[in-house]
Amino acid sequence: MLFFTQCFGAVLDLIHLRFQHYQAKRVFSSAGQLVCVVTPRQNSKNASNRCAVPEDSAPQIRHHHCHETVHDPQLTSCSCPLYACKWEGHLEVVVAHLTQTHTINILHGTEIVFLATDMHLPAPVDWIIAHSCLGHHFLLVLRKQEKYEGYPQFFATMMLIGTPAQAENFNYKLELNRNRRRLTWESSPRSVLDCVDSIITDSDCLVLNASVAQLFADNGSLAIGIAITASKLCATQPEM
């Protein structure tokens, strides 16, 4: 009976996801965009520990490892904001780490629809997807977080898995469109070398409070259209 109950629950979850995918395809099929249904993941690390080493342990780490590491500027830490992952590596292997260790999915295409489900879940919670287009990989992070106590907000940002100089060669657009309402955010992506928490702290991203997000929600899901383009400078480089 327990096995049957577990299997039945899994089937219900699958039916629920397929229904959401069908609903999204019905809404966005006219635009010819690929729809990706993204389920939420609870954030398992404290915000204060994401980007900085605790003050009491920092001197000890520098003391023990000052002869082993030289703070190679080509190395970056794990770009996945969900986990307190201590991995470090070169930018060229970040994508492999995200897909193999953290099972982050990769979507292909310059225009997609990012459908975040269960947006009613309590903060903090993240929705993450990797995006491959124009010869590069990008990381889209949607986070629900209480920037102030009792005041949840949604933050959406796009980061290039590359250097800040490379990120300046691209532009991205996030668009919410429902019930004759449209909200658009356009910017250059930030590099994964920047901490996603600092991007959110600076509000250098699409920011929605709970009431505005609810205006664009459909049955507890939030659809965000994503379009990535190359800047004129980047587009003309091959011809030079």
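Residues numbered from 1 in each chain as written. Predicted model: local features only at pLDDT ≥ 70, side-chain atom pairs only at ≥ 80, totals over all residues. Heavy atoms only, no water.

### Some words on the packing of aromatic side chains
A complete count under the given rule lists two aromatic pairs for this structure. Ring geometry for Trp 127 versus Phe 154: centroids 6.3 Å apart, planes at 35°, classification tilted. Taken together, the residues span a long stretch of sequence, with Trp 127 in strand β7 (residues 125-133) and Phe 154 in strand β9 (residues 151-160) at a distance of 27 residues. Here Trp 127 matches Phe 154 in class, with each residue buried. Ring geometry for Phe 138 against Phe 170: centres 5.4 Å apart, planes inclined by 85°, an arrangement best described as edge-to-face. Remark: Phe 170 occurs in strand β10 (residues 170-178) and Phe 138 occurs in strand β8 (residues 136-148); sequence separation between them is 32 residues. (Phe/Tyr/Trp six-rings, centres within 6.5 Å; stacked < 30°, edge-to-face > 60°. Helix = DSSP H or I, 4+ residues; strand = E, 2+ residues; numbered from the N terminus. Buried < 20%, exposed > 50% of the residue type's maximum accessible area, 1.4 Å probe, protein only.)

### Focus on unusual backbone geometry
Only a minority of non-glycine residues have a phi that is not negative, and only a minority of peptide bonds are not trans. With an omega of 0°, the peptide bond running from Ala 123 to Pro 124 counts as cis. Tracing the chain through its elements places Pro 124 in the loop between β6 (111-116) and β7. The backbone of Asp 118 sits at a positive phi, close to 55°, despite the residue not being glycine. Assignment of secondary structure puts Asp 118 in the loop between β6 and β7. Assessed through its relative accessible area of 25%, Asp 118 is described here as partly exposed. Notably, Leu 134 is not glycine yet its phi reads approximately 55°, a positive angle. Assignment of secondary structure puts Leu 134 in the loop between β7 and β8.

### Focus: the environment of Thr 201
In this fold, Thr 201 is placed in helix α5 (residues 196-201). Thr 201 sits in the exposed class, given a relative accessible area of 54%. With 54 residues separating them along the chain, Thr 201 and Lys 147 place their C-alpha atoms 8.3 Å apart. A polar atom in the side chain of Thr 201 sits 2.8 Å from the backbone oxygen of Asp 197. (Polar contact = N/O pair within 3.5 Å; in protein donor to acceptor, adjacent residues only side chain to side chain.)

### A word on the environment of Leu 140
The residue Leu 140 is located in strand β8 in this model. For Leu 140, a relative accessible area of 2% translates into the label buried. Sequence separation between Leu 140 and Ile 129 is 11 residues, and the spatial gap between their C-alpha atoms is 5.5 Å. Other than its neighbours up to four places away in sequence, Leu 140 contacts Phe 114, Trp 127, Ile 128, Ile 129, Thr 157, Met 158, Leu 174 and Ile 226. (Contact = heavy atoms within 4.5 Å.)

### A short note on the pattern of salt bridges
Scanning the model with the defined rule gives six salt bridges in all. Among the salt bridges present, the one from Asp 126 reaches Arg 143, with a minimum N-O distance of 3.0 Å. Of this pair, Asp 126 sits in strand β7 while Arg 143 is found in strand β8, placing the two residues 17 residues apart along the sequence. Comparing Asp 126 with Arg 143 shows no difference in burial state: the two are buried. Salt-bridge contacts for Arg 190 lead to Asp 194; the nearest nitrogen and oxygen are separated by 3.2 Å. A relative accessible area of 21% places Arg 190 in the partly exposed class. Overall, the relative accessible area of 24% leaves Asp 194 in the partly exposed class. Ionic contacts of the salt-bridge type, sharing partners, join the residues Asp 126, Arg 143 and Asp 197 into one network. (Salt bridge = Lys/Arg side-chain N within 4 Å of Asp/Glu carboxyl O.)

### A closer look at the nonpolar core
Grouped together as the largest cluster of nonpolar side chains are 32 residues, with contacts concentrated most on Phe 114, Trp 127, Leu 142, Leu 174, Ile 224 and Ile 226. Each residue touching Leu 174, except ones within four places of it in the same chain, is listed here: Leu 140, Ala 156, Leu 183, Thr 184, Trp 185, Leu 206, Ile 224, Gly 225 and Ile 226. In terms of nonpolar packing, the next biggest core, distinct from the first, is built from 19 residues, Cys 78, Leu 91, Val 94 and Val 192 among them. (Core = buried A, V, L, I, M, F, W, Y, C linked by side-chain atoms within 4.5 Å.)

### Quick look at the confidence of the model for the protein
Close reading of the predicted structure is inappropriate where its pLDDT is low. Per-residue pLDDT for the protein has a mean of 76; in total, 68% of the residues score no lower than 70. Confidence, expressed as mean pLDDT per element, reaches its minimum in the protein at helix α2 (residues 58-65) with 35 and its maximum at strand β11 (residues 181-187) with 96. Scored below 50 in pLDDT, residues 46-71 makes 11 contacts in the model with residues more than four places away or belonging to other chains. (pLDDT = per-residue confidence, 0-100.)

### Re the pairing of β10
For β10 and strand β15 (residues 221-230), the ladder comprises six bridges, and the chain directions are antiparallel. Across the sheet, residue Asn 171 finds its bridge partner in β15, namely Thr 229. Pairing of β10 with β11 involves seven bridges; the strand directions are antiparallel. Looking at β11, one finds that Leu 174 is bridged to Trp 185. Between β10 and β11, which pair antiparallel one after the other, the connecting turn spans two residues, and Asn 179 there sits at a positive phi close to 50°. (Pairing = 2+ DSSP bridges.)

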